[in-house]
Amino acid sequence: MKIQPADIARRGLDYSDQLGAAVAPLGLRLLLAWEFFESGREKYFGDNWFGDIQSQFPLPFNLIPPVISWQMATRFELAGACALLLGLGTRFFAFSLMVLTVVATIAVHWPAESHGLAELAQGYVISDSGHGNFKLPLLFLAMLLPLTLQGGGVLSVDYWLKRRWLGANMMAPCLAPA
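Residues numbered from 1 in each chain as written. Predicted model: local features only at pLDDT ≥ 70, side-chain atom pairs only at ≥ 80, totals over all residues. Heavy atoms only, no water.

Caption draft 1: Structural detail: the overall build of the protein. Scanning the protein for helices and strands turns up 7 helices and 0 strands. For the protein, whose C-alpha radius of gyration is 21 Å, the value lies well above the compact-globule estimate of 16 Å for 178 residues. Per-residue burial for the protein yields a buried fraction of 30% across its 178 residues. Long-range contacts, defined as pairs at least 24 residues apart, comprise 61% of the intrachain contacts of the protein with a sequence gap of at least 6. Total accessible area computed for the protein in this model is approximately 11600 Å², and 66% of it derives from carbon and sulfur atoms. Counting 12 positive and 13 negative side-chain charges, the protein places the centres of these two groups 17 Å from one another. (Helix = DSSP H or I, 4+ residues; strand = E, 2+ residues; numbered from the N terminus. Rg over C-alpha atoms; globule rule 2.2 N^0.38 Å. Buried < 20%, exposed > 50% of the residue type's maximum accessible area, 1.4 Å probe, protein only. Contact = heavy atoms within 4.5 Å. Areas by Shrake-Rupley, 256 points an atom, 1.4 Å probe, with all protein chains shown as cover. Lys, Arg positive; Asp, Glu negative; His and termini not counted. Charge placed at Lys NZ, Arg CZ, Asp CG, Glu CD.)

Written as structure tokens, this is what we have:
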């Protein structure tokens with residue numbers, strides 16, 4: 001049997017798809033773990049400034065005392081970073097960090113006012129120039145979404161636990177024999 005170039009291309013693309021499905025969630029988890037750990041660490045060693053912006057938090061977060069909000073944000077960022085690093089409770093922590101990111105975006109990163117889409121677009125930056133700076137939180141939300149919906153991938157503790165509890169016959173598509 002002669003191997004056709006199309007068969008080689010198809011196998012290569014299939015392997016690439018399977019490898020991407022395994023590695024992509026790991027890349028997202030590692031990057032987000034670093035970013036949220038850094039943010040949590042800054043809060044842990046820094047001063048609580050949530051009292052200054054509590055009125056800007058959306059309901060019901062504006063009803064929580066700033067000391068408790070600060071501790072919750074710090075702990076979720078640190079615990080969420082560790083969980084994402086391991087791929088443990090990935091969906092729960094990714095969703096929790098999405099909520100935290102939305103609250104932070106509304107309270108800190110969104111422009112105080114905008115008079116149209118052109119002015120709002122000026123806030124799509126990393127540094128604040130008076131028009132907000134919601135680019136980075138928006139990128140975090142985009143990266144957390146697949147982890148929330150699909151989990152941590154095959155290179156995660158979640159996958160290992162799922163395999164162990166639901167049966168040893170379950171195998172990752174990228175690890176299955178061709």
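Caption draft 2: Spotlight on the layout of surface pockets. Its boundaries defined by the atoms lining it, the largest pocket holds a volume of some 840 Å³. Together, 33 residues line the largest pocket, and S39, K43, E77, L100 and A104 are the ones closest to its centre. Those elements that place two or more of their residues in the lining of the largest pocket are α1 (5–45), α2 (50–53), α3 (66–86), α4 (90–109) and α6 (135–150). Residues belonging to the lining of the largest pocket are distributed by class as follows: 22 nonpolar, 6 polar and 5 charged. (1 Å grid on protein atoms, 1.4 Å probe; cavity = no way out; pocket = protein on both sides within 12 Å on 5 of 7 lines; lining within 4 Å. Points joined across faces, edges and corners; volume = space filled by probe spheres on them. Nonpolar A, V, L, I, M, F, W, Y, C, P; charged D, E, K, R; others polar.)

Caption draft 3: Quick peek at the packing of aromatic side chains. Scanning the model with the defined rule gives 9 aromatic pairs in all. An aromatic cluster of at least three residues, connected via ring pairs, comprises W49, F50, F57 and W70. (Phe/Tyr/Trp six-rings, centres within 6.5 Å; stacked < 30°, edge-to-face > 60°.)

Caption draft 4: A look at the nonpolar core. In this structure, L32, F36, F50, F57, L84 and L144 are the most contacted members of the largest nonpolar core, which totals 21 residues. Listing elements by their share of this core, those giving two or more residues are α1, α2, α3, α4 and α6. In terms of residue count, α4 provides more of this core than any other element does, 6 residues in total. Contacts of L84, omitting those with residues within four sequence positions, involve R29, L32, A33, T90, L97, L144 and L147. (Core = buried A, V, L, I, M, F, W, Y, C linked by side-chain atoms within 4.5 Å.)

Caption draft 5: View of the environment of L88. On the secondary structure map, L88 appears in the loop between α3 and α4. For the pair L88 and D158, spaced 70 residues apart in sequence, the C-alpha to C-alpha distance is 5.2 Å. The residues contacting L88, other than those within four sequence positions of it, are A83, F93, V157, D158 and L161.

Caption draft 6: Seen up close, the environment of N133. Position of N133 relative to the elements: it lies in the loop between α5 (117–121) and α6. The exposure class assigned to N133 is buried, which follows from its relative accessible area of 13%. Residues N133 and R29, 104 residues apart in the sequence, show an inter-C-alpha distance of 23 Å.

Caption draft 7: Local environment of α4. Within α4, the full set of buried residues consists of T90, F93, A94, S96, L97, M98, L100, T101, V103, T105 and A107. At its buried positions, α4 is contacted by α1, α2, α3, α6 and α7 (157–166).

Caption draft 8: Here's a closer look at unusual backbone geometry. Of note, the amide linkage connecting L59 to P60 takes the cis form, showing an omega dihedral of -5 degrees. Its location among the elements puts P60 in the loop between α2 and α3.

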